[in-house]
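Residue-level structural notes
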Amino acid sequence: MAKNLQAVRGMRDILPEQSPSWQYIESCARELFNSYGYNELRTPIIESTELFKRGIGDATDIVEKEMYTFEDRNGDSLTLRPEGTAGCVRAAMQHGLLHNQQQRIWYIAPMFRHERPQKGRYRGFYQAGIETYGIATPDIDAEVIAIGARLWKKLGLKNVHLEINSLGSNQAREAYREVLIEYFSQHQDQLDDDSSRRLHQNPLRILDTKNPKMQDLVENAPDLLDYLDDESKEHFAGLKQRLDAIGIAYTVNSRLVRGLDYYNRTVFEWITSELGSQGTICAGGRYDNLVTKLGGKETPACGFGIGIDRLQLLLEEQNLAIPDHSPHLYFVMLGEKAEVAGLNMAEKLRERFPQLRLMANQGSGSFKAQLKRADKSTAGYALILGENELENQHVIIKPLRQDTQEITQQISIALDKLNDYVANTILV
Ligand code: ATP
Ligand code: MG
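Notes on the structure in this doc start here. (Residues numbered from 1 in each chain as written. Chains lettered and ligands numbered in written order. Predicted model: local features only at pLDDT ≥ 70, side-chain atom pairs only at ≥ 80, totals over all residues. Heavy atoms only, no water.)

**Considering the site of ligand 1**
The immediate surroundings of ligand 1 are formed by 17 residues, with Arg113, Glu115, Arg121, Arg258 and Thr280 found nearest. At 2.6 Å from a nitrogen atom of ligand 1 is found a side-chain nitrogen or oxygen belonging to Glu115. Arg121 is positioned such that a nitrogen or oxygen atom in its side chain is 2.8 Å from an oxygen atom of ligand 1. Protein coverage of the free-state accessible area of ligand 1, which is 590 Å², stands at 91%. For the shell around ligand 1, the elements supplying multiple residues, two or more each, are strand E6 (124–133), strand E10 (280–286) and strand E11 (301–307). (Near = heavy atom within 4 Å. Polar contact = N/O pair within 3.5 Å; in protein donor to acceptor, adjacent residues only side chain to side chain. Areas by Shrake-Rupley, 256 points an atom, 1.4 Å probe, with all protein chains shown as cover. Helix = DSSP H or I, 4+ residues; strand = E, 2+ residues; numbered from the N terminus.)

**Observations concerning the packing of helix H12 (residues 336–352) against helix H15 (residues 418–426)**
Relative to each other, H12 and H15 sit at 45°, their axes nearing to 11 Å. Regarding the angle of H12 to H15, the classification is oblique. The hand of the H12/H15 crossing is right-handed. Of the residues in H15, those touching H12 at Met345, Leu349 and Arg352 are Leu418, Asn419 and Val422. (Axes fitted to C-alpha atoms, helices over the stretch in contact; angles between N-to-C directions. Parallel < 35°, antiparallel > 145°, perpendicular 65-115°, else oblique. Left-handed = near helix turned anticlockwise from the far one by under 90°. Contact = heavy atoms within 4.5 Å.)

**Considerations on the nonpolar core**
By size, the foremost hydrophobic cluster in this structure holds 91 residues, and its most contacted members are Trp152, Leu157, Phe184, Trp270 and Ile281. In terms of residue count, helix H5 (residues 138–155) provides more of this core than any other element does, ten residues in total. Setting aside chain neighbours within four positions, we find Ile281 in contact with Trp152, Leu157, Val160, Trp270, Thr272, Leu275, Gly305, Ile306, Gly307, Arg310, Leu311 and Leu314. (Core = buried A, V, L, I, M, F, W, Y, C linked by side-chain atoms within 4.5 Å. Buried < 20%, exposed > 50% of the residue type's maximum accessible area, 1.4 Å probe, protein only.)

**As for the pattern of salt bridges**
Scanning all chains against the criterion turns up 22 salt bridges. For the salt bridge of Asp288 with Arg286, the shortest nitrogen-to-oxygen distance reads 2.9 Å. Pair check on accessibility: Asp288 and Arg286 agree, each one buried. Within this structure, Asp61, Glu64, Lys65, Asp194, Arg197, Arg198, Arg205 and Asp208 form a network of salt bridges that share partners. (Salt bridge = Lys/Arg side-chain N within 4 Å of Asp/Glu carboxyl O.)

**Here's the deal with helix H4 (residues 85–94)**
Of all the ten residues making up H4, seven are buried; the element is thus mostly covered by neighbouring parts of the structure. Residues of H4 that are buried in the fold lie against strand E2 (46–48), helix H2 (49–56), strand E5 (103–112), E6 and helix H10 (290–293). Looking one or two residues past H4, Gly96 carries a phi angle of roughly 65°, positive in sign.

**Quick notes on H12**
Between its terminal C-alpha atoms H12 stretches 24 Å, which fits the 24 Å expected from 17 residues at 1.5 Å a residue. Of the positions making up H12, those classed as buried are Ala338, Gly342, Met345, Ala346 and Leu349. Where H12 is buried, its residues meet strand E12 (329–333), strand E13 (358–360), strand E14 (381–385), helix H14 (387–392), strand E15 (394–399) and H15. (Expected span 1.5 Å × (residues − 1).)

**Details of the side chain of Glu143**
Relative to the assigned elements, Glu143 resides in helix H5. Among the polar contacts listed, one links the side chain of Glu143 to the side chain of Arg104, at a separation of 3.0 Å. When near neighbours in sequence (up to four residues on either side) are disregarded, Glu143 contacts Tyr36, Tyr38 and Arg104.

This is the structure we're talking about:
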């Protein structure tokens, strides 16, 4: 195929055979978020570039080198959203959702970042996220974390562990920043290019480096938790107390700083060791400064983003069961009379049994050809209607798979018994 007719590098097609596990993850997430009283907020895929520059921060990986930014026909600079939080804050401000009230919202949406494609890292990927506004106390931090824990449980995921940290207040971070600049300046020869550039812009981000050669240096850096202000210490203790109370295990990782500038106090990541270096499946925290940064009134906020692509890989890795999408029945119809009568029967069955997955043969074909399609559909049974059966007002039910069968041989049943058979045998 001509090269320009391929998907853009790093962008994914989710093929029909993969989509059941995607749908499963998304419907579990949707149900769970709704059950905690969160509501969906859908925002546009495109926002003004300014929003992300101001929101995410100029000295972050995303804004520095990962955004898909372009000029539209009017010459306005627009960007495909690289993450969900900035757009949610923009929308919430624009529609007056933040004024003297609490909000709990969620989204499931595609994101775009121009990074090096590899397993678990794509240029177009999906995130499921929640955002809460107007709640300053650590109970909401604990709720946000608990929602993640419950989603893993619902999906049956194993070996996902939680790391938490506190970045403290702005002032505390400012003090720590000075200490860090001093420390890293003393070891300037060991800094890679990115880190040298960040030294004065955003030294905390050096702690987030993925460069293995710098791990020792980072290990020995002064500890953020030693510089926390009293209120943030109390907030952090409040969070830990609540996580303990609901039995969510965690490790405190004082090197966890997160790649986005807008966080303060609580930050956390859910990590698996089963996806190589793309092991973070969910990341989030508190971002009390973002609303004011975008021109709104001071508003406490806390949320997370889940990488659905990584979650899906992990589900596959752990061989977790997902709901069966296979048809219960594949309807084989032989001859034009049977096709017309069969269409009517099929619609009646669908009317009577909304949960029935019934795939009808279309495009005619020989008995052999239709049975072949039935097999390919992975249906449990073939429902067979020929001219003879039609005349006798019967239908044949033929088992197609060993694993789910109530019958081992095909049987013929009267048409007026079909509803009972579907209810008592096929759908149980
Ligand atoms: P990383 O350190 O892996 O680059 P990040 O800190 O950039 O992650 P966030 O911006 O916090 O990631 O996004 C939240 C989650 O979205 C990540 O934990 C990850 O699961 C997922 N994610 C981020 N970037 C990608 C990507 N390019 N492809 C697939 N999933 C991604
Ligand atoms: Mg990243």
